[in-house]
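Listed here are the chains, written in short residue letters.
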Amino acid sequence: MRSLRDALITFRRTPLLSALSVTTIAFSLFAFGLFGLVALNIREALDRLEDRVEIRAFVADGTAPESIGQAAGDIAHYPEVLNATMVTQEQALARAQKELGDFRDVFEGAVLPASIDVRLKPGMRNPATVKRVAARVKAFPFVDDVRFGEEWIEKLYRLRNIAGIAGVVLGLTFAAVSCIIIGATIRMAVLSRAKEIAIMRLVGATDGYIRRPFIIEGLLQGVLGGLLALLLTYFARSLINRYVIETIFFDRRVALLGILFGVVIGFMGSVFSVGRHLRRV
Amino acid sequence: MIRFTHVTKEYPRTGTAVDDVTLHVGKGEFVFLTGPSGAGKTSLLKMVYLDERPTSGEVRVSGTSSLTATDRDIAKLRRKLGIVFQDFRLLDNRTAEQNVAFALEVTGVPRAIIDPKVARALTQVGLAGKGTAYPRELSGGEQQRVAIARALVNDPFVIIADEPTGNLDDRATRGIFQLLRDINAAGTAVVMATHNLELIRRQEFRTLEMARGAVVFDSADAAAL
Ligand SMILES: Nc1ncnc2c1ncn2[C@@H]1O[C@H](COP(=O)(O)OP(=O)(O)OP(=O)(O)O)[C@@H](O)[C@H]1O
Ligand SMILES: [Mg+2]
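Residues numbered from 1 in each chain as written. Chains lettered and ligands numbered in written order. Predicted model: local features only at pLDDT ≥ 70, side-chain atom pairs only at ≥ 80, totals over all residues. Heavy atoms only, no water.

Caption draft 1: Broad picture of the domain arrangement of chain B. Residues and elements named next belong to chain B. For chain B, the assigned domains read domain 1 (1-62 + 157-225) and domain 2 (89-156). Measuring from the centre of the C-alpha atoms in domain 1 to the corresponding centre in domain 2 gives 24 Å. When domain 1 packs against domain 2, the two sides together hide about 860 Å² of surface, and 74% of this comes from carbon and sulfur. Of all residues in domain 1, Ile159, Ile176 and Leu179 bury the most surface against domain 2, accounting for 44% of the area lost on that side. Taken together, domain 1 and domain 2 are joined by 0 salt bridges. (Domains from an automatic or database assignment. Buried area = accessible area lost by both parts, 1.4 Å probe. Salt bridge = Lys/Arg side-chain N within 4 Å of Asp/Glu carboxyl O.)

Structural data, given as structure tokens:
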């Protein structure tokens, strides 16, 4: 209890220093949060793109519709497959004409091949699975050709991986910077209380006791920094939504996780530096 | 109670500060520690409360050995010692009472027994009426009394005072010295470093004289001869 009070007293006695510390943590987490939002929205966009990932198997002319229908039924039962639809020659033509709108005349009298359109389940839309399913579909004797936008999918995935790695690297960098800043804050807090600490030692306070308020202070700064960062991020996102592009925000769990991350940074920063600085007073 | 066995202290840059000191201070003793500046008095006292550890030899204080004590042991030991300095070392933003209470609060003494103990210690040093004053509102002599009250509040078996009158005029010096004698008369040992030879000359107390790190005179040995 006394430790908590001491931590709060430090806040009150060095309001500028504490505010600076909270702000720097907030800005570090804010940068992290912004990047997180970018990553989140890239992912969201990728997910939406992936919804359109499908395998289209073109069927040889003159294949009986019953055979195609049966094959589609079989394919639909593959574990990776969400659904498989038969598209007859007439349907293919209608679809092409609809998609081309004004140029529908181009297709006058044309014959488009029938196909089976296969859509994979949400978790299965990665290049390896797509290739495997495509190969299986191609094994049907009446399937002429299989298209599945191989290159496109792989690029998509590479982009996503780069985004992920950049997120982790930047996140850790920001965390390290925050720890350093907290360390500097604690250094100043320790120095500003050097006399008090020396007296505590003299009258027999334990090291753990002497450290506690600094660690609690670090934790509090982490919480406040996290909350502030969340506010800043939310505000920034509102601006982006209004002036640039509609984006999504973290859900409640991720937001809490962000604050928790602030707490962890506060804890690590204070634990690592407090011992080092205490030894010097 | 306090036992030094062939204690030597060397600092990295300044060399030997305490040189092969062997001595014993018994229960309830009053000991003066004298010697020229730089003789090693402060260094010796610091080893009593294990602020410094000997480079070689052993310091034993009330069952705690400099050879084996952990940080925790040292903290526990200091709760049984009262330490007083020339510069008082009070916290400016706390009242006299709060300064004394501080020593109990930070060692986990329950709130309920802090107040009566603080009141008793302040009465003992003659400051019963000035508990709510801040250090800046007190004279040097009074500030030192607050510091002594803080040292007393844990009921120590020994008071270690490093030039406690160094910043005070004659009158205040005599007052503080009388206070330490009273405390000693009540059973608490006192080890006091001082430059004030006049103070010593008029007393019958044991005197240790240091020079260049060594104890060159011990009135207890002289009396035994
Ligand atoms: N923390 C320290 N680090 C390095 N050297 C020190 C330290 N403290 C004291 N010394 C050295 O040890 C020697 C003894 O110093 P000490 O302070 O013990 O003497 P003293 O008898 O208390 O002197 P004074 O009467 O002036 O207080 C000195 O030469 C000093 O330079
Ligand atoms: Mg000295």
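Back to the write-up after that little detour.
Caption draft 2: Spatial organisation of the packing of helix α3 (residues 96-105) of chain B against helix α5 (residues 140-152) of chain B. Residue and element names in this part refer to chain B. Contact pair α3 / α5: the axes reach a minimum separation of 8 Å and the direction vectors enclose 30°. When the axes of α3 and α5 are compared, the pair comes out roughly parallel. The two elements α3 and α5 cross, and the hand of that crossing is right-handed. The residues of α5 that touch α3, namely those facing Ala96, Asn99, Val100 and Ala103, are Val146, Ala149 and Arg150. For the contact of α3 with α5, a count of residues per class yields 5 nonpolar, 1 polar and 1 charged. (Axes fitted to C-alpha atoms, helices over the stretch in contact; angles between N-to-C directions. Helix = DSSP H or I, 4+ residues; strand = E, 2+ residues; numbered from the N terminus. Parallel < 35°, antiparallel > 145°, perpendicular 65-115°, else oblique. Left-handed = near helix turned anticlockwise from the far one by under 90°. Contact = heavy atoms within 4.5 Å. Nonpolar A, V, L, I, M, F, W, Y, C, P; charged D, E, K, R; others polar.)

Caption draft 3: Fine view of the confidence of the model for chain B. For chain B, the mean per-residue pLDDT works out to 94, and 99% of the residues sit at or above 70. For this predicted complex, the interface confidence reaches an ipTM of 0.91, while the overall pTM sits at 0.73. (pLDDT = per-residue confidence, 0-100.)

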